[in-house]
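Observations on the model geometry
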Protein chains: 4
Amino acid sequence: MSKTNIHRVTVHWGDCDPAGIVFFPNFNKWMDQSSLAFFAACGLPPWRELERTRGIVGTPLLEIHTRFMRPATYGETIEVHTTVEEWSNKTFRHRHVVKRGDTVLCEGTEVRAFCMRDPADPERIKAIPVPEDIKALCS
Amino acid sequence: MSKTNIHRVTVHWGDCDPAGIVFFPNFNKWMDQSSLAFFAACGLPPWRELERTRGIVGTPLLEIHTRFMRPATYGETIEVHTTVEEWSNKTFRHRHVVKRGDTVLCEGTEVRAFCMRDPADPERIKAIPVPEDIKALCS
Amino acid sequence: MSKTNIHRVTVHWGDCDPAGIVFFPNFNKWMDQSSLAFFAACGLPPWRELERTRGIVGTPLLEIHTRFMRPATYGETIEVHTTVEEWSNKTFRHRHVVKRGDTVLCEGTEVRAFCMRDPADPERIKAIPVPEDIKALCS
Amino acid sequence: MSKTNIHRVTVHWGDCDPAGIVFFPNFNKWMDQSSLAFFAACGLPPWRELERTRGIVGTPLLEIHTRFMRPATYGETIEVHTTVEEWSNKTFRHRHVVKRGDTVLCEGTEVRAFCMRDPADPERIKAIPVPEDIKALCS
């Protein structure tokens, strides 16, 4: 069975827009937080350490698909339930389900890749095959 | 032919993450800005005026799909090219192409709906059919 | 003795800038969260309820002074310790001390006022005297 | 006479809070943007280039004092007028005046320092004396 990490978020006043509901890119920000929290919970060190030891700068997004079912507002506590649905050779797929209690607020599917700086041009980053040890740690 | 609005954005230091590239939810924020700029360019008044005159609080997102091809960094100027690809009865579909010069950085497809406050519960909002006059103005 | 509320914050990747440290306006965002958390902990209802029942839309900032002593980075947990240092007739002064363990990272002093919408122009907001019952609840 | 840079900002929907006005940390974000724009306008290269060539990672804030006079809302265009008020040995003081037309919305005073990574511990950054050539370029 795959691992699930639950990332708890309190919605704040400044996260909401003039309609009084969460400004949607914040949901994607919380999914991103939950992705990193997932890897930390699996035992991975912070990216800054992985960059020093193995050149890995993080897991930039290649693709994200989010469906919004219900709004949330400030003062509420929500949870992002995060798993890895699929490991491919060079990418993996996250699934994030955002809930308030039993109510699903939104769902996101992300495709990400582990990346390093391009040795030929340190300003650029490039995807690498998913490291086997990391995959083993997180499955 | 459908209308296209171009929303110009300068990428700033604080928009970038420790990898030195744009933190991705900012791309979605800029698409959201470009959506509103699209409607303003078509002649729609601000939401706060539409809320007063017609009860419309905005066009919340139902769904968004974004593909990221290349990163951007601070100091760069990028453009979000926004159109309405399709008008349905209760929803419409935006297409946003984000470019730096001729290079496509990312592409987003959004499904949105015009919404009002629910008369039965002003804390809730609900989708209404796309107003014909707004559709005519923006097509 | 005055009440103190402690607001716990986990620093995330997207809160940090290309130097790898917290982008400073986020500290002010966390102080703002802590201000609201202070009032909630004292028993005040959310602003949206206070707006309905008493016309109070919140406590906009009039002035803020922040000193930054040490940076923070992602993966760290920090605390914002918030008090009301002084209640004046129309304003009050918050003190926020942001700590990582025993280390003070930054300190902020905010002057805020309780505000209502201007009856003559609902687009404008104006300060009101600090409500006595709220002051009593929070002192 | 000292140089002034004007940084133009359009206020967007997502910059505003449930009271319909700019969430205040955004003003500080725009002042930060304007600080960097000031240095760019004076002829300084981006920080990532200065880090490579001279080890300078940026000009982190030591202190900021902001006074808010009037709110702003989405759809408005505002300007941040930025100068260096004073150059000290290890720090300098920015003054930012944020205007909408002739109306001053808020004013900020920032103390900043040019910083490098600490050679003894690259995770830490430390202030350096203001480089004379940079000061000459920007005065």
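Check the entry above for the structure.
The following refers to the structure shown. Keep in mind the model is a prediction, meaning the values are calculated, not measured.

Remarks on the overall build of chain A
Per the secondary structure count, chain A includes three helices and eight strands. Each helix and strand of chain A, ordered N terminal to C terminal, gives the series β-α-α-β-β-β-β-β-β-β-α. For the C-alpha atoms alone, the extent of chain A along its principal axes is close to 45 × 35 × 25 Å. A total of 139 residues make up chain A; the buried ones form 53% of that total. Restricting the contact set of chain A to residue pairs at least 6 apart, pairs at least 24 apart contribute 63%. Separation between the mean location of the 18 positive side-chain charges and that of the 18 negative ones in chain A comes to 2 Å.

Quick notes on the interface of chain C and chain A
The interface of chain C with chain A comprises 13 residues on the first partner and 13 residues on the second. Both faces combined, the contact of chain C with chain A buries some 1,200 Å², and carbon together with sulfur accounts for 56% of it. Among the residues of chain C in contact with chain A, Trp13, Arg48 and Tyr74 of chain C are the three that bury the most area, contributing 43% of the side total. Taken together, the links from chain C to chain A amount to zero salt bridges. Between chain C and chain A we count four residue pairs in polar contact (both at pLDDT 80 or more) in total. Only α1 (25–42) and α2 (47–54) of chain C provide two or more residues apiece to the side of chain C that touches chain A. In terms of residue count, α1 of chain C provides more of the side of chain C that touches chain A than any other element does, four residues in total. Looking at the side of chain C that touches chain A, its residues break down into six nonpolar, four polar and three charged.

A word on the interface of chain A and chain B
Counting residues at the interface gives 23 residues for chain A and 23 residues for chain B. Note on chain A versus chain B: buried area summed over both sides is about 2,000 Å², and carbon and sulfur give 62% of it. Run the count over chain A and chain B and you get zero salt bridges. Inspection of the region where chain A meets chain B yields six residue pairs in polar contact (both at pLDDT 80 or more). Those elements that place two or more of their residues in the side of chain A that touches chain B are α1 (25–42), β3 (61–68), β6 (103–112) and β8 (121–127) of chain A. If one sorts the elements of the side of chain A that touches chain B by residue count, β3 of chain A sits on top with eight residues. Here the residues of the side of chain A that touches chain B are counted per class, giving 11 nonpolar, three polar and nine charged. Inspection of the sheet shows β3 of chain A paired to strand β3 (residues 61–68) of chain B by five bridges, in the antiparallel sense. Across the sheet, Glu63 of chain A pairs through a bridge with Arg67 of chain B, a residue of β3 of chain B.

Remarks on the pairing of strand β6 (residues 103–112) of chain D
Residues and elements named next belong to chain D. When you tally the buried positions in β6, you get seven out of 10 residues, the bulk of the element. When strand β3 (residues 61–68) meets β6, the two strands line up antiparallel, connected through seven bridges. Across the sheet, residue Glu63 finds its bridge partner in β6, namely Val111. Here nine bridges tie strand β5 (residues 92–100) to β6, and the two strands are oriented antiparallel to one another.

Points about the relation of the copies chain A and chain B
Taken as rigid bodies, chain A and chain B are interconverted by a rotation of 180° and an axial shift of 0.0 Å, the fit giving an RMSD of 0.0 Å. What the rotation and shift describe, once combined, is the action of a two-fold rotation axis. The position closest to the rotation axis in chain A is occupied by the C-alpha of His65 of chain A, lying 2.1 Å away.

A few points about the packing of α1 of chain A against helix α1 (residues 25–42) of chain B
Two numbers describe how α1 of chain A lies on α1 of chain B: the axes approach to 9 Å, and their chain directions differ by 175°. Relative to α1 of chain B, the element α1 of chain A is oriented roughly antiparallel. Between α1 of chain A and α1 of chain B, the contacting residues are Pro25, Asn28 and Lys29 of chain A on the first element and Pro25, Asn28 and Lys29 of chain B on the second. Residues that form the contact of α1 of chain A with α1 of chain B fall into these classes: two nonpolar, two polar and two charged.

So, the environment of Thr109 of chain D
Residues and elements named next belong to chain D. As for its position among the elements, Thr109 is in strand β6. Of the residues examined, Thr109 reaches a relative accessible area of 22% and is grouped as partly exposed. Between the C-alpha atom of Thr109 and that of Asn89, which follows or precedes it by 20 residues, the distance is 18 Å. Once residues lying within four places of it in the same chain are set aside, the contact partners of Thr109 are Glu63, Ile64, His65, Glu85, Arg93, His94 and Arg95.

Digging into the pattern of salt bridges
Across all of its chains, the model carries 44 salt bridges over all chains by this definition. Across the pair Arg112 of chain B and Asp32 of chain B runs a salt bridge whose closest N-O atoms are separated by 2.8 Å. With Arg112 of chain B in strand β6 (residues 103–112) and Asp32 of chain B in helix α1, this residue pair connects regions lying 80 residues apart in the sequence. One exposure class covers both Arg112 of chain B and Asp32 of chain B, and it is buried. For the salt bridge of Asp133 of chain C with Arg54 of chain C, the shortest nitrogen-to-oxygen distance reads 2.7 Å. One end of the pair, Asp133 of chain C, is in helix α3 (residues 132–138); the other, Arg54 of chain C, is in helix α2, and 79 residues separate them in sequence. Residue Asp133 of chain C is classed as partly exposed on the basis of its relative accessible area, which comes to 43%. Here Arg54 of chain C falls in the partly exposed class, since its relative accessible area comes to 36%.

Rules behind the numbers
- Residues numbered from 1 in each chain as written.
- Chains lettered and ligands numbered in written order.
- Predicted model: local features only at pLDDT ≥ 70, side-chain atom pairs only at ≥ 80, totals over all residues.
- Heavy atoms only, no water.
- Helix = DSSP H or I, 4+ residues; strand = E, 2+ residues; numbered from the N terminus.
- Buried < 20%, exposed > 50% of the residue type's maximum accessible area, 1.4 Å probe, protein only.
- Contact = heavy atoms within 4.5 Å.
- Lys, Arg positive; Asp, Glu negative; His and termini not counted.
- Charge placed at Lys NZ, Arg CZ, Asp CG, Glu CD.
- Buried area = accessible area lost by both parts, 1.4 Å probe.
- Salt bridge = Lys/Arg side-chain N within 4 Å of Asp/Glu carboxyl O.
- Polar contact = N/O pair within 3.5 Å; in protein donor to acceptor, adjacent residues only side chain to side chain.
- Nonpolar A, V, L, I, M, F, W, Y, C, P; charged D, E, K, R; others polar.
- Pairing = 2+ DSSP bridges.
- Least-squares fit on C-alpha atoms with pLDDT ≥ 70 in both.
- Axes fitted to C-alpha atoms, helices over the stretch in contact; angles between N-to-C directions.
- Parallel < 35°, antiparallel > 145°, perpendicular 65-115°, else oblique.

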